[in-house]
Amino acid sequence: MERLDYLGDERNKAQFDVEAMKVAWAGSPEAFEVCDRMAKLVANDPVFEKFSKPMLGRKELFKNTLRKAAHAWKLANDLHLTEEEAKWLRHYIDEPNYTDLHWEMFVPALEGQCTEEQKKKWLPLAKTMQIIGTYAQTELGHGSNVQGLETTATFDRQADEFVIHSPTLTSSKWWPGGLAKVATHAIVYARLIIDGHFHGVHGFIVQIRSLDDHSPLPGITVGDIGMKFGHGTYNTMDNGVAKFDRVRIPRNQMLMRVSQVTKEGKYVKSNVPRQLGYATMVSVRQTIVADASKALSRAVCIATRYSAVRRQFGSRNGGPETQVIDYKTQQNRLFPLLASAFAFRFASDWLKSLYTDLKQRLQVNDFSTLPEAHACTAGLKSLTTAATAEGIEECRKLCGGHGYLISSGLPELFAFYVPACTYEGENVVMLLQVARFLVKTVSDLGNKQPVGTAAYLGRVAPLTQKNCVVQTAEDWLNTGALVEAFEARAARMATGCCQRLAEYKSPEEGFAELSADLVEASLAHCQVIVVSTFIRRLQQDIPGKGVKQALEVLCYVYALFLLHKHQGDFLATCYLTPKQASLANDQLRALYSKVRPNAIALVDSFNHTDHYLSSVLGCYDGNVYPKLYEAAMKDPLNDSDIPDGICQYVQPILKQKLHSAKL
């Protein structure tokens, strides 16, 4: 079979230094070195092979994942990997398993919510994996509404113990990864009750299984919640359900950094600000935004490479057909997603610095930036995960029929990623939290000057009175004009909502009635943040020939695509005229021609290995068709020409003997 490779020629078209762009994507030379080394370590280790995953049954799939997790932990110890290196090792293995919850939720919760004495006991055990933990907050009946959790932790003063209990079916803990079959311990969130009085929801360290034979402890019923969307993806994870029947734990297994219960049963708040917990939340959401950029970059890499290989129609005089990537309709759908991947990457880098700043402020009891930090991380979590989930699906469709194959890598990537829209805060709920921040900010304008990402609202008067001055398509290639357009739209939508809220008898009634409008205003605010962050990144030093110029083009593509997509908002708020919106679209089309020669080099800059992509369509060498055929022939159904069932169920039909067949 002829081996096609168009990608060598495509790479020669690059107008920038690809190696320098890899560093820009990674964040620093040091970060690139670690990521590159861990990616290659995983790709070259046969234990981490994953192309056979779709052929495995659930039990085989789970056992295989346990083997990989054990091998990864052995590697981390044998090679003396740092925590950062081990994190990237787990990332490139690309298989959800119990260690995700252990390292990303259980250990950080111990670090952030335990007293120093508790840390000395639990952290050494957790960090050496002598215990394996999970994070049990969500219940069958409650997710986003944490205060509605039903599990109880009742203090028994005589025994100096808490009694953990699931009083209803809906109080069953539901979803925690690793809980079903692996975790030995869990941080269980429950309603603290002392002498019949409720003292809020708190975390408790509860042992789930025996450390001797791994069996569930008395009073604990635990199991798996069943198969999830997709085949491999999250079905490698044992998401669990747990019910507690008056399970007793020592008093000192309540997470007591912020508040304690004394032996006498007195509820005491410590001098540690409860707001410190928000720093951990900001860190988690920064990771989610970073993961969005990674997932979207994978999908875009696959779709871009395949679009360059695939040819359809347009043959002249017997010559080659047109590369799919050269069709404007393909570019209009693909290139904004490429730009979005970079935009989300830079937004996540900015969130890292926000987290560092917030953590330092909270340690000295400075809570001034906390509301804004909470709002922007909630909003960016929502914006990036929703856009990424939609983007992965769009990339699947951009690959035509072949994109529907598991071997394309895209169906499994979508199934793996889409839960991000609901975990760690359902996306609409997140935007409503942003809305409350915006309403308060606008309401306080006469008394308090907004800061940070909301600073533009302090200029609400000029932003609501002055309209766009763009006269030509080229005028849109001005970062000041772009930022002002997004700020004016967001300011007008936020103030418009506040004016309508004032018409209701109570704020809560108005908030409920206008919630859909408030969500749209919140999204507009979040887009201001991402566009502004991208532009600020371009104002920094970015080494490498042509790197900054290539990124500038992507920045304009991202902003103008959003402007075109949401032009109804810009027109309805009267900031733009229809002519100006049309000029923006004209400029957007012109920018696609600048992205085109760099397209393959830009996705190469993600530095994804073929193992990580797990896609026959997105392979680096572009030999798509032989790999497609080879993958098809590996399907178990092709083990024989006449599979089981043909003689028993098909032959009787063909031979008109169905009436006498034993079905």
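Rules used in this analysis
Residues numbered from 1 in each chain as written. Predicted model: local features only at pLDDT ≥ 70, side-chain atom pairs only at ≥ 80, totals over all residues. Heavy atoms only, no water. Helix = DSSP H or I, 4+ residues; strand = E, 2+ residues; numbered from the N terminus. Rg over C-alpha atoms; globule rule 2.2 N^0.38 Å. Buried < 20%, exposed > 50% of the residue type's maximum accessible area, 1.4 Å probe, protein only. Contact = heavy atoms within 4.5 Å. Areas by Shrake-Rupley, 256 points an atom, 1.4 Å probe, with all protein chains shown as cover. Pairing = 2+ DSSP bridges. Salt bridge = Lys/Arg side-chain N within 4 Å of Asp/Glu carboxyl O. Phe/Tyr/Trp six-rings, centres within 6.5 Å; stacked < 30°, edge-to-face > 60°. Expected span 1.5 Å × (residues − 1). Polar contact = N/O pair within 3.5 Å; in protein donor to acceptor, adjacent residues only side chain to side chain. Core = buried A, V, L, I, M, F, W, Y, C linked by side-chain atoms within 4.5 Å.

Asks: Residues and numbers for the overall build of the protein chain, please.
Replies: Tallying secondary structure elements over the protein chain gives 23 helices and 11 strands in all. Relative to the 2.2 N^0.38 estimate, which gives 26 Å for 663 residues, the radius of gyration of the protein chain is 27 Å and therefore close to what a compact globule would have. Here the C-alpha coordinates of the protein chain stretch approximately 90 × 80 × 60 Å along the principal axes. Taken across its 663 residues, the protein chain has 52% of its residues classed as buried. Sequence separation of at least 24 residues holds for 74% of the intrachain contacts in the protein chain that already meet a minimum separation of 6. Approximately 30100 Å² of the protein chain is accessible, and the part contributed by carbon and sulfur atoms is 54%.

Asks: How would you sum up the sheet that holds strand β4 (residues 173–174)? Please name residues and give values.
Replies: Pairing is antiparallel across the open sheet formed by three strands, whose spatial order is β4-β8-β7. Looking at the sheet topology across the chains shown, the edges are occupied by β4 and β7 (220–224). With two bridges connecting them, β4 and strand β8 (residues 240–244) associate as antiparallel partners. Note on β8: the bridge partner recorded for Trp 174 is Val 241.

Asks: So what about the side chain of Thr 573? Which residues, and what values?
Replies: Summarising the element assignment, Thr 573 is placed in the loop between α18 (567–572) and α19 (578–595). If we ignore the near neighbours within four places in the chain, the residues touching Thr 573 are Arg 489, Arg 492 and Met 493.

Asks: Tell me about the pattern of salt bridges, and please be specific about residues and values.
Replies: Throughout the structure, instances matching the rule amount to 40 salt bridges. Arg 305 is the partner of Asp 604 in a salt bridge, and the nearest nitrogen-oxygen pair spans 2.8 Å. Remark: Arg 305 occurs in helix α8 (residues 276–309) and Asp 604 occurs in helix α20 (residues 599–604); sequence separation between them is 299 residues. One continuous salt-bridge network, built from bridges that share partners, spans Glu 10, Lys 13, Asp 326 and Arg 596.

Asks: Please set out the packing of aromatic side chains residue by residue, giving values where relevant.
Replies: Counting across every chain of the model gives 16 aromatic pairs. Aromatic pair Phe 229 and Phe 414: ring centres 6.0 Å apart, planes at 85°, arrangement edge-to-face. Residue Phe 229 is located in the loop between β7 and β8, and its partner Phe 414 is located in helix α11 (residues 410–417); the two are separated by 185 residues in the primary sequence. Looking at Phe 229, the relative accessible area reads 53%, which means it is exposed. Taken together, a centroid distance of 6.0 Å and an interplanar angle of 65° make the contact between Phe 335 and Tyr 592 edge-to-face. Residue Phe 335 is found in helix α9 (residues 328–363), and its partner Tyr 592 is found in helix α19; the two are separated by 257 residues along the sequence. The pair formed by Phe 335 and Tyr 592 is uniform in burial state, with each residue classed as buried. One aromatic cluster in this structure is built from Trp 25, Phe 342, Phe 346, Phe 534 and Phe 606.

Asks: Give a detailed account of unusual backbone geometry, specifying residues and quantitative values.
Replies: Look at Asp 94: it is not a glycine, yet its phi comes out positive at around 60°. Considering the arrangement of structural elements, one finds Asp 94 in the loop between α5 (83–93) and α6 (98–113). The class for Asp 94 is buried, based on a relative accessible area of 13%. Positive phi values are uncommon outside glycine, yet Glu 424 reaches one of about 55°. With respect to the element layout, Glu 424 can be found in the loop between α11 and α12 (427–443). In this structure Glu 424 comes out as partly exposed when scored by relative accessible area, which is 36%.

Asks: Can you explain the pairing of strand β6 (residues 197–207)? Please cite residues and give values.
Replies: Note that strand β5 (residues 185–194) and β6 share nine bridges and pair antiparallel. Residue Ile 194 lies in a different strand from β6, and its bridge partner there is His 197.

Asks: Quick rundown of α12? Include the residues and the values.
Replies: Each α-helix winds once per 3.6 residues, and so residues spaced three or four apart point in a common direction. The first and last C-alpha atoms of α12 sit 24 Å apart over 17 residues, in line with the 24 Å expected at 1.5 Å per residue. Here α12 has its buried residues at Asn 427, Met 430, Leu 431, Val 434, Ala 435, Phe 437, Leu 438, Val 439, Thr 441 and Val 442. In this fold, the buried residues of α12 make contact with α8, α10 (370–398), α14 (479–501), α15 (507–513) and α16 (515–538). Regarding α12, its N-cap is Glu 426, as a side-chain oxygen of that residue lies 2.9 Å from the backbone nitrogen of Val 428 further along.

Asks: For the nonpolar core, give the residues involved together with the corresponding values.
Replies: Among soluble globular proteins, nonpolar side chains are generally buried collectively. Grouped together as the largest cluster of nonpolar side chains are 135 residues, with contacts concentrated most on Met 21, Leu 338, Phe 342, Trp 476, Leu 551, Leu 554 and Tyr 558. Beyond its immediate chain neighbours, meaning those up to four positions away, Tyr 558 contacts Ala 339, Ser 340, Ala 343, Phe 344, Leu 383, Val 530 and Val 531.

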